[in-house]
Structures are given as structure tokens and as C-alpha cells.
Amino acid sequence: VQLQASGGGSVQAGGSLRLSCVVSGRTLSGYAMGWYRQAPGKQRELVAAITSGGSTSYADSVKGRFTISRVNAKKTVYLQMNSLRPEDTAVYYCGIYSGGYYFRDPIYWGQGTLVTVSS
């Protein structure tokens, strides 16, 4: 199983980016997915997650600004990030869970994509 994350880049505060995560080696349907981030000197944190049924959950810091979605037929999960802030700067990782809900940590991870937000 491989996850390929893309879409990171540099943007000014208030801007938008859309991250994509393509899964290969297994079907996406039936599995929950999550986006995590790790800023320099900080622990990795869960940003957003989506169940196999499409229910979503967000960290308080991104609620109302980020949207996670999935297209099972494309085996792709997206993270639309709007109104970006400098504190959103981090390496963003996608992960796939062992089942339809986001229990514990993902069992497979993507390689990470860097998001840099300047003020």
C-alpha cells in the first residue's frame, strides 16, 4: 500500500491550497483517512479525518477553514485549506486507517507535503 501526497507549497496568509492523497495497492472505500501535520519542534497532530461513510472531524484550530473530502472511485482524499495562517505552516501527511473509523493511528502513511504560509 502506498499513499502519495501532493499539493503543498508556499502561500501568503489568507490564501488557499488543496492537498491530495492518492492511495495505491488497495481500495479506498471501507477505510477511514486522515490528514496530519507536523510543525518544526512540535508533535504530529491530527488535522482532519473522514470515515468510510463520509463523516468528518476537525481539529479546533482548523474548523471552518479546512475541508476534508474523498472520492473513492479515484482512491483520493483531499484537504481544502482556506484562510491559511502562518501557524498552519507544517509538513502535512495523509494516512489510511485499518478500518472505517479513525481509531488510533493510521497504519500506512504518505510521504508528506510541505505547506508554508507567510505573513
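The structure we're discussing is the one just above.
Rules of the game
Residues numbered from 1 in each chain as written. Predicted model: local features only at pLDDT ≥ 70, side-chain atom pairs only at ≥ 80, totals over all residues. Heavy atoms only, no water. Disulfide = S-S within 2.5 Å. Helix = DSSP H or I, 4+ residues; strand = E, 2+ residues; numbered from the N terminus. Buried < 20%, exposed > 50% of the residue type's maximum accessible area, 1.4 Å probe, protein only. Pairing = 2+ DSSP bridges. Phe/Tyr/Trp six-rings, centres within 6.5 Å; stacked < 30°, edge-to-face > 60°. Lys NZ or Arg CZ within 6 Å of the ring centre and 35° of its normal.

Asker: How should the state of the cysteines be read in this particular structure?
Answerer: Put plainly, two cysteines are in a disulfide when a covalent bond ties their sulfur atoms together. Scanning the entire structure with this criterion turns up one disulfide. Each sulfur in the disulfide pair Cys21 and Cys94 lies 2.1 Å from the other. Note on the Cys21 and Cys94 pair: the S-S dihedral is about 65°, so by sign convention the disulfide is right-handed. Placement of the pair is Cys21 in strand E3 (residues 17-24) and Cys94 in strand E9 (residues 90-96), with a sequence separation of 73 residues. Note on Cys21: relative accessible area 0%, which makes it buried. The buried category is assigned to Cys94, whose relative accessible area is 1%.

Asker: Would you mind going over the pairing of strand E4 (residues 33-38) with me for this structure?
Answerer: Taken residue by residue, a regular strand's side chains alternate between the two faces of the sheet. With five of six residues buried, E4 lies mostly within the body of the structure. Connecting the antiparallel pair E4 and strand E5 (residues 45-50) is a turn made up of six residues, with Gly41 showing a positive phi of about 80°. For E4 and E9, the ladder comprises six bridges, and the chain directions are antiparallel. Across the sheet, Met33 pairs through a bridge with Ile96, a residue of E9.

Asker: Hey, could you run me through the packing of aromatic side chains in this one?
Answerer: How two aromatic rings sit relative to each other is set out by the distance from centre to centre and by the angle between their planes. Taken as a whole and judged by the stated rule, the model has four aromatic pairs. Here Tyr97 and Tyr102 contribute two aromatic rings whose centre-to-centre distance is 6.3 Å and whose plane-to-plane angle is 55°, an arrangement assigned as tilted. Exposure remark for Tyr97: the relative accessible area of 1% places this residue in the buried category. A residue is classified by how much of its surface remains accessible, and Tyr102, at 17% relative accessible area, is buried. With a centroid separation of 4.4 Å and an interplanar angle of 20°, the aromatic rings of Tyr101 and Tyr102 are classed as stacked. Judged by relative accessible area, Tyr101 falls into the partly exposed class, the value being 42%. Cluster of aromatic residues (ring-pair linked, three or more members): Tyr97, Tyr101, Tyr102 and Phe103. Arg26 extends its terminal NZ or CZ atom over the ring of Tyr31, reaching a point 4.4 Å from the ring centre.

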